[in-house]
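Letter by letter, the chains look like this.
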Amino acid sequence: LTQANVEVITDGIAEILPGAVRTADGQEREVARATPEGARDYLVPSRTHAGSFFALPQSPQLFKQLLMVAGFDRYYQIAKCFRDEDLRADRQPEFTQIDIETSFLDEKDIMDITETMVRNLFKEVLGVEFGELPHMPLAEAMRRFGSDKPDLRIPLELVDVEDQLKDVEFKVFAGPANDPKCRVTALRVPGGASMPRKQIDDYTKFVGIYGAKGLAYIKVNERAAGVDGLQSPIVKNIPLDNINVILDRVGAVDGDIVFFGADKAKIVSEALGALRIKLGHDLNLLTCEWAPLWVVDFPMFEENDDGSLTAMHHPFTSPKCTPEELEANPAAALSRAYDMVLNGTELGGGSIRIHDKAMQQTVFRVLGISEDEQQEKFGFLLDALKYGAPPHGGLAFGLDRLVMLMTGASSIREVIAFPKTQSAACVMTQAPGVVDAKSLRELHIRLREQAKAE
C-alpha cells in the first residue's frame, strides 16, 4: 500500500471520530512497568533505578483507558507495539496497531464504526465491496471450524459425532467420546476418496504438529455396498448403523473421504481446524476471494492445564454479568469482546472495558492476583477507577496484517521493513547481540554463566 492508501485509513478514522485525540506522528513508544496482560513483555533495564525494569508496551491498553477516565472521550493512534512471543506468518515481535478507544459507546456502536472503516478502506483501495459482516459466536466457530478466526472461504466443516461412538469397543474413539473434556469430530472432504495413501500419511504427520496422535479416515467408495463399499482400517471396530449415521450427518456420498479426530477438545479443534485450512488450499476448494466476519461472545476466561484461569483477551475486558455471578461461576462467564476476522486472519479485536473498580478487582481475584499484587501492578488503574470512569471500549486493528492481506502477501514479513526471522533475530544487524561488561555494570546486571553444551 502507498502512503496515500495508509492516509485513507487515518483520515477515515478522523471523519468517524471527529475531535479524537491523535498522536503527532504515530511513532510514540511509551514504556511502562511490566503487567500480566497475556504475552511476555520485552523488558528494558533502568540505569537510574537499580534492579528495576521498563516494559515495552504490548499495546496502549491501559494508557487509552486512562485517557477515557481523564475525560478524553475519543482517541485513536497508529501505535507501535512489542510482544515477546513465538513468531508465525502473521506475527512479528514489533508490530503496528490502528488503535481506537471511545467513551459512552456500546459494542454495536464500536463494531459499526470500525466495520464502516474497513469496508470503505477495501472499496477505495482495492475496489472490493463487502456486504454487512455476519456475526458468529465463538462457540459456533470452534464447533464448526475448530478456530476462533475461521476462514469462511473454505466450505469444509467439523461435525461432532461423540454420541455415535460412546459404546463402541474401539477405545481410541470410546474413551474421548465419554470424556466431557474431549471431542470426537468428523471432517468430510468431497471427492477425497481418490487420495493416495502417501497423501493421507502426510496429513497424519501434519496434524501431529498440533498434538494429534493419528488421523483415522473412511473412504466412501460405494455406500450402497455397506461395509464392503467403505475403505478404512477402523470400520471393523464400529457398527455399520453408527457409521451410516455419521456418514449421513456429514453428508458423505460416494467418492468422499471422512477424517476423524478424537482427543482433548483443544487438540482436536486445533488439529482438524488446521487440516481443514490445509485441505482447502491443497485441493483448491476456496469459494470466494474475501470472507470477513465478526466473532463474538468470547468466554471471559480459559482454563490452563493446572486448572487455573487466564483472561481470554485481557483482564480489563468487561463481562456480561455481575461481579457476584462472575465470582460464583467464572468458567461460564461471557465477555463483551469482539474480533474482526478476514480470510482466517484476525484483523483486529476489542471489547467494552471494565469501568467499575469492584468488577475489576473481582476479575483480578478470579485470575489469582492477590490484593497486594493488584495494588503493586495495577494501583494506578484502580485508583483512577475509584474516582468514577465512563463506560468505554475500543478496538485495535493490526495495520501490518491489513497490508499483508490487501497486497496478497503470504507473510507479514513481506510488508515490514527489516523484519525479524522466525527466531526473532535481525539478520541485517545480527541482533540480539552481546553487551560489553561496562554497559552491564551501568545497568546493574550480572549475567549468569550458561552451561556448556556437551
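As the structure is a computational prediction, the values presented were derived from the model and not from experiment.

Our next topic: the packing of aromatic side chains. Summed over all chains, the structure comprises ten aromatic pairs. Each ring, one from Phe170 and one from Phe173, has its centre 5.3 Å from the other, and the planes form 80 degrees; the classification is edge-to-face. Judged by relative accessible area, Phe173 falls into the buried class, the value being 2%. Seen from their ring centres, Phe316 and Phe378 are 5.6 Å apart, and the 70 degrees between their planes marks the pair as edge-to-face. Of this pair, Phe316 sits in the loop between β14 (309-311) and α9 (323-328) while Phe378 sits in helix α11 (residues 371-386); the two residues are 62 residues apart in sequence, bridging distant segments of the chain. Residue Phe378 is classed as buried on the basis of its relative accessible area of 0%. Members of the aromatic cluster, joined through ring pairs, are Phe122, Phe130 and Trp290.

This brings us to the environment of Val168. Secondary-structure assignment places Val168 in the loop between β7 (158-160) and α5 (171-177). Val168 sits in the buried class, given a relative accessible area of 10%. Along the chain, Val168 and Asn237 lie 69 residues apart, while their C-alpha atoms are 7.2 Å from each other. Once you skip the residues sitting within four places of it in the chain, Val168 turns out to touch Phe173, Ala174, Asn237, Ile238 and Pro239.

A separate point is the pattern of salt bridges. Under the criterion given, the structure shown has 26 salt bridges. For the salt bridge of Glu85 with Arg91, the shortest nitrogen-to-oxygen distance reads 3.4 Å. Residue Lys213 is joined to Asp263 by a salt bridge in which the shortest nitrogen-to-oxygen separation is 2.9 Å. Note that Lys213 is positioned in the loop between α6 (197-208) and β9 (216-220) and Asp263 in strand β11 (residues 257-264), a separation of 50 residues in sequence. Relative accessible area serves as the criterion here: at 74%, Lys213 is assigned to the exposed category.

By the criterion of burial, strand β8 (residues 182-189) is predominantly enclosed, with seven of the eight residues buried. Relative to β8, β7 runs antiparallel, the two sharing three bridges. By the bridge assignment, Asp160 is partnered in β8 with Thr185.

Turning our attention to helix α8 (residues 265-282). Taking 1.5 Å per residue, 18 residues should reach 26 Å; α8 reaches 25 Å between its end C-alpha atoms and fits that length. At its buried positions, α8 is contacted by α4 (138-145), β7, β8, α6 and β11. Asn284 occupies a position one or two residues after α8 and carries a positive phi of about 55 degrees.

Across the protein, the average pLDDT comes to 89, with 91% of residues at or above 70. Within the model, the stretch residues 1-16 combines pLDDT values under 50 with 23 contacts to residues more than four positions away or in other chains.

Mapping Asn304 onto the fold places it in the loop between β13 (301-303) and β14. Separated by 110 residues in sequence, Asn304 and Glu414 place their C-alpha atoms 34 Å apart. Discounting residues that sit within four places of it in the chain, Asn304 has contacts with Leu309 and Thr310.

Taken in spatial order, the five strands make up an open sheet running β7-β8-β11-β9-β10, and their pairing is antiparallel. Looking at which strands have only one partner, the edges of the open sheet turn out to be β7 and β10 (230-231). Against the sheet, α4 engages β7 and β8, with an angle of about 100 degrees to β7.

Here we take up unusual backbone geometry. Looking along the chain, the bond that leaves Ala431 and enters Pro432 is cis, with omega of 0 degrees. The topology assignment puts Pro432 in the loop between α12 (399-407) and α13 (437-442). Phi is positive for Asn284, close to 55 degrees, though the residue is something other than glycine. Here Asn284 lies in the loop between α8 and β12 (292-296). Among the residues examined, Asn284 registers a relative accessible area of 68% and is labelled exposed. Positive phi outside glycine occurs at Asn343, with the angle close to 55 degrees. If you trace the backbone, Asn343 turns up in the loop between β15 (337-342) and β16 (345-352).

Now for the state of the cysteines. Under the defined criterion, the tally for this structure stands at zero disulfides. Lacking any disulfide linkage, Cys426 is separated from the closest cysteine sulfur, that of Cys81, by 19 Å. Using a relative accessible area of 10% as the deciding quantity, one classes Cys426 as buried.

Rules of the game
- Residues numbered from 1 in each chain as written.
- Predicted model: local features only at pLDDT ≥ 70, side-chain atom pairs only at ≥ 80, totals over all residues.
- Heavy atoms only, no water.
- Phe/Tyr/Trp six-rings, centres within 6.5 Å; stacked < 30°, edge-to-face > 60°.
- Buried < 20%, exposed > 50% of the residue type's maximum accessible area, 1.4 Å probe, protein only.
- Helix = DSSP H or I, 4+ residues; strand = E, 2+ residues; numbered from the N terminus.
- Contact = heavy atoms within 4.5 Å.
- Salt bridge = Lys/Arg side-chain N within 4 Å of Asp/Glu carboxyl O.
- Pairing = 2+ DSSP bridges.
- Expected span 1.5 Å × (residues − 1).
- pLDDT = per-residue confidence, 0-100.
- Axes fitted to C-alpha atoms, helices over the stretch in contact; angles between N-to-C directions.
- Disulfide = S-S within 2.5 Å.

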